[in-house]
Amino acid sequence: MNPDMPNDDAIITSVLEGRTADFEILIKRYSAKIITFISSMTADRDEARSIAQDVFLKIYQNLPYYKKQNNFSAFIFKIAKNMTLNWLNRQKRTVFFSRLLGREFNQPQFRQAPAQTLDPEAAERDEKINRSLRSLPEDQRIALILKVYLELSYKQIQEISGWSIPKIETLISRAKSRMKKNISLQENNATFVLKARKNEL
Amino acid sequence: MNCKKVRMRLSAFQDGELGLQPARQLKQHLENCAPCRAELEALNQVVDSMKCMSPIAVEPAFPALIMSALQARPQRGFRLLPSLAYTLALLMIFVSGFLLEMSANGQPPSAPQPVMTFSTVLTESRNLGLLAVQDSTLELFSGGLHEN
């Protein structure tokens, strides 16, 4: 961070004193991280942007309750985590009731950035990683995303999630092992399909 | 440290979250153990492949979009109204419950009690035919002499 830029707590004080336009600095500072987190959790980049908007509105609304202790990042990721889990639960309910009513619910595939910005190989690689991420239990997925994509320490993850450090260590360790298995399984499947196609030819 | 313990803490070691002493012990083990080194390499590949994901581009208009949405929202003061309404509703429920309870017991809070005097007892008794009371006797007691 640029040393000339005010820190999060100073900006929040300024917003609460009535200079609401300063909130835009916080949005610029955290939007990429928030969208990355939500997108990795939901596997839907368009939806991630929409949820991120609601997250920032909620953050603004809850600014008076933030206790200034230089942990604004934990404060906002806690809100982002809760809102994302709410969205995922709503999705699960929609799937459940759709099946109950005998309707087919098409769960969206991982929605990428516009196709022209991604080459097919990169799109396939992203899809593979996202499929593996989606197969993880929610708590493992949260811990792994916060560690790998947002590069937070176990202590920071603890502030966001409320889990103990040993639990976080176990969750991340299990998540990595599962990811390793899933990725190698997908690679084996891809090799098998390639071989089968070659034999057909 | 044996291989089992090393595998359990390998991920934390990779994340740089182990203390100095355990990290040194784990490093020593890795120098002499090829399978554990391979396991660490596999974990590195997982993390690298995750980090290779295409970065998410945030549209330049995104912050301005949120700011305009914020300005379109009602001020915080208006948000207090629902909670005030809930409090009033709860208060009304409590008060009506209290009143219902009182009426069920048949004891209105301020029902006036009749004052019994000796002269009223005599009058009532004469009216019912229980006693033959002379008017002069009644007059004698109706001068404000109350029975305690």
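Here's what I pulled together on the structure shown here. (Residues numbered from 1 in each chain as written. Chains lettered and ligands numbered in written order. Predicted model: local features only at pLDDT ≥ 70, side-chain atom pairs only at ≥ 80, totals over all residues.)

**Remarks on the overall build of chain A**
(1) Moving on: Along its length, chain A carries eight helices and zero strands.
(2) Moving on: Ordering the α and β elements of chain A from the N terminus gives α-α-α-α-α-α-α-α.
(3) Moving on: For chain A, the proportion of its 201 residues judged to be buried stands at 30%.
(4) Moving on: Counting contacts in chain A only where the partners sit at least 6 residues apart, residues at least 24 apart contribute 62% of the total. (Helix = DSSP H or I, 4+ residues; strand = E, 2+ residues; numbered from the N terminus. Buried ≥ 20, exposed ≤ 12 C-beta atoms within 10 Å, placed from the backbone. Contact = placed C-beta atoms within 7 Å.)

**Describing helix α3 (residues 34-51) of chain B**
All names here are of chain B.
(1) Moving on: Counted at 1.5 Å a residue, the expected span for α3 with its 18 residues is 26 Å, and the 26 Å between its end C-alpha atoms agrees.
(2) Moving on: For α3, every residue scored as buried is listed here: Leu 43, Val 46 and Met 50. Each buried residue of α3 lies within a common arc of 50° when the element is viewed along its axis, so the set occupies one face. For α3, the exposed residues lying more than 90 degrees away from the buried face are Ala 34, Ala 38, Glu 41, Asn 44, Asp 48 and Lys 51. (Expected span 1.5 Å × (residues − 1). Arc of directions from axis to C-beta.)

**Details of the interface of chain A and chain B**
Buried accessible area, meaning the area lost when the parts come together, often serves as the stated size of an interface.
(1) Moving on: Taken together, the contact pairs 30 residues of chain A with 24 residues of chain B.
(2) Moving on: Secondary structure elements with two or more residues in the side of chain A that touches chain B: α2 (23-42), α3 (45-62), α5 (120-134), α6 (138-148) and α8 (165-200) of chain A.
(3) Moving on: The element best represented in the side of chain A that touches chain B is α2 of chain A, accounting for nine residues.
(4) Moving on: Its residues assigned to classes, the side of chain A that touches chain B shows 16 nonpolar, five polar and nine charged. (Nonpolar A, V, L, I, M, F, W, Y, C, P; charged D, E, K, R; others polar.)

**Describing the packing of α6 of chain A against helix α7 (residues 154-161) of chain A**
Residues and elements named next belong to chain A.
(1) Moving on: It is the contact of α6 with α7, at a shortest axis distance of 10 Å, that shows an interaxial angle of 135°. One way to sum up the angle between α6 and α7 is to call them oblique. Judged by the twist between their axes, the crossing of α6 over α7 is right-handed. Where α6 abuts α7, its residues Ile 142, Ala 143, Leu 146 and Lys 147 lie against Ile 157, Ile 160 and Ser 161.
(2) Moving on: Split into classes, the residues belonging to the contact of α6 with α7 amount to five nonpolar, one polar and one charged. (Axes fitted to C-alpha atoms, helices over the stretch in contact; angles between N-to-C directions. Parallel < 35°, antiparallel > 145°, perpendicular 65-115°, else oblique. Left-handed = near helix turned anticlockwise from the far one by under 90°.)

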